[in-house]
Amino acid sequence: MKKIYFALSVAALGLMMGSCVKNLDIPQKSVLSTEEYYKNATPAEAEALIASAYKMYWGGRDVTCVNGIEKILFLNSLDDDHYTGGGSFADATNQYQEAGNYNVTSADFGPKLVYKGIYSVIYHCNLIIEKIPETNDAAINRVKAEAHALRAIAMFDAVRWWGTPPLADHLLSQDEYYQGNTPTKTSIDWVLSELEEAAKILPAIAGKGQQEAFGARLSKHAVLAYRGKVGLWYGQKFNDKEILNGAVADLKQVVESGLYGLVKDMFILERPAGDFCEEYLFEHNSAENDGNPGNPQNDLRHMWTGWNDGLIAPKAGYTGWGWNAVSKEFGEFLAAHEGDVEKPRFKSTIHTYEQVLAMEYADGVTPGVQSKGICHCAGYFTYRGIGFNEDFYQIAGFWKYSTTNACLLRYAEVLLLYAEAKFLADGDADGAGLRALNEVRTRAELEPVGALTYDIIKDERRAELFYEQERYFDLVRWGDAPTALKDKGKKLYKFYGYKPGTTEWDVEVTEGRGLGWQDKYNLLPFPFEQISAAKGNLKQNPGW
């Protein structure tokens, strides 16, 4: 599908001008009515509209979106696998340090932007669903099914963040603007229904490895995978066996379709070589210019999460702003879990200091840590998601924009979701969940396990999904957050390389300002401005 993004601007212009038409009661020349645009949309125009919604769901930076860097940095700051990072312990950018300290407020930038993004996606999908007339045109019906699926996925995001956010299942009239809380079960039932109906209409990819020909669009099996993810989340968290069984059925369809697989080389994940690989069920195509040569795709992920500039950059690499650094706890966990820091999953996910030093450097450059040291570091360094010079658009200036696709759902996660759902639903009676989990372990060059336990499932998710903002939600739904996060932010780590004359890591540990876990974090706070605007109808989550 061609990536045409002007349509939303046209629609927004129509909305803005529409009020003038109403007030003056005269048709304006050279103004495109929103009603007419949607009513008469051709298949190409409908595809332009859904392309804009897809782009809004993915994100960029400092824009209204769902999966932009604000979500990534905020959620990673809350878990035990990351330190907040940044240029210093006092770096106050967008309150991320305070998220890492468990000192979040309802005015924080990240949740506020994600909330707006979710409801912007839902609104524009609602426009497509309600304003484009019913038709027999297959292309338009596909677009409408994508809109149903995308708004449901966005609503699931909202439920995981806030628990009881308003369900905007239609375009709101003026007297409906101040929506109150919707019960979680009501929203989840709606999400599952929306995804089920969309999966009946959307096509599957043509065959294994055919993602690029299909395009960066939701397929039948991507939607079923999301439906399984929603069902597992709710079924496990609220002990709903019926919904858990539904999750098993959905995920089984994906696994047994034979359309997806695990790439052998884990080092291509989150690199251009991995774009449209057989492991990606849903991704945003970042490798096309969006029409603005100075700001292609606004994708600064790898500047934000690149290594702190206190580390000398290797020849192929780029030091960025150092956010979402690897925690000491995760580094030690992954080393023990993999059994060898040279195993492919360890090394393609994070690096030890020794592995960083072993990279290739320009002639005359001495690798290592600069004298000022690196804040938020205990000797482990992110690898998946850092910046590589060859992966950026070659544009002059400070800003570095990635050409790497943003993967939103991987087959490895589907296999682990299936293993967990089977374990919970029927004790994995037929061993299908065990086979799925062992497929992930085998790719990581680990020995298969002989039986599933919940600890094995949890550890495998932690090892595999480090980069994907699932850990915080996992800890909360499992009930493990009070233990895992009790000391979050209470220690600060600064890395200076080796102690003089030794190969022992020089790590300075000081007291931090972190408050650690508090039970109110089982749900995040509704943004203050939304509570204020709702005229008392939207109730804040407990403790906030």
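Cut-offs used in this document
- Residues numbered from 1 in each chain as written.
- Predicted model: local features only at pLDDT ≥ 70, side-chain atom pairs only at ≥ 80, totals over all residues.
- Heavy atoms only, no water.
- Helix = DSSP H or I, 4+ residues; strand = E, 2+ residues; numbered from the N terminus.
- Rg over C-alpha atoms; globule rule 2.2 N^0.38 Å.
- Buried < 20%, exposed > 50% of the residue type's maximum accessible area, 1.4 Å probe, protein only.
- Contact = heavy atoms within 4.5 Å.
- Areas by Shrake-Rupley, 256 points an atom, 1.4 Å probe, with all protein chains shown as cover.
- Lys, Arg positive; Asp, Glu negative; His and termini not counted.
- Charge placed at Lys NZ, Arg CZ, Asp CG, Glu CD.
- Axes fitted to C-alpha atoms, helices over the stretch in contact; angles between N-to-C directions.
- Parallel < 35°, antiparallel > 145°, perpendicular 65-115°, else oblique.
- Left-handed = near helix turned anticlockwise from the far one by under 90°.
- Pairing = 2+ DSSP bridges.

1. With respect to the overall build of the chain
Stage number 1. The helix and strand inventory of the chain stands at 21 helices and 12 strands.
Stage number 2. By the compact-globule yardstick of 24 Å for 544 residues, the chain fits well, its C-alpha radius of gyration being 23 Å.
Stage number 3. By its C-alpha atoms, the chain is 80 × 55 × 50 Å across when sized along the principal axes.
Stage number 4. Here the chain holds 544 residues, and the buried ones make up 57% of them.
Stage number 5. For the chain, restricting intrachain contacts to residue pairs at least 6 apart in sequence, the fraction spanning at least 24 positions comes to 71%.
Stage number 6. Accessible surface computed for the chain: about 21,600 Å², of which carbon and sulfur atoms make up 52%.
Stage number 7. In the chain, the 56 positive side-chain charges and the 73 negative ones have mean positions that sit 2 Å from each other.

2. Focus: the packing of helix α3 (residues 43-58) against helix α7 (residues 138-162)
Stage number 1. At their nearest, the axes of α3 and α7 sit 9 Å apart, and the two run at 15 degrees to each other. The angle between the axes of α3 and α7 places the two elements in the roughly parallel class. Taken as a pair, α3 and α7 cross one another with a handedness that is left-handed. Contacts between α3 and α7 involve P43, A46, E47, I50, A53, Y54 and Y57 from the former and A139, I140, V143, E146, A147, L150, I153, A154 and D157 from the latter.

3. Considering the pairing of strand β11 (residues 491-498)
Stage number 1. The pairing of strand β7 (residues 374-375) with β11 spans 2 bridges and is classified as antiparallel. Residue pairing for β11: C375 is matched across the bridge by K494.
Stage number 2. Judged from the 6 bridges that link them, β11 and strand β12 (residues 505-511) form a sheet pairing that is antiparallel. In the sheet register, K491 faces β12, and the bridge partner there is E511.
Stage number 3. Hairpin connection between β11 and β12: a loop of 6 residues separates the two successive antiparallel strands, and G501 in this loop has a positive phi of roughly 75 degrees.

4. Side note on the sheet that holds β7
Stage number 1. Spatial strand order, β7-β11-β12: 3 strands in an open sheet with antiparallel pairing. Every interior strand has two partners, whereas the edge strands, β7 and β12, have only one.

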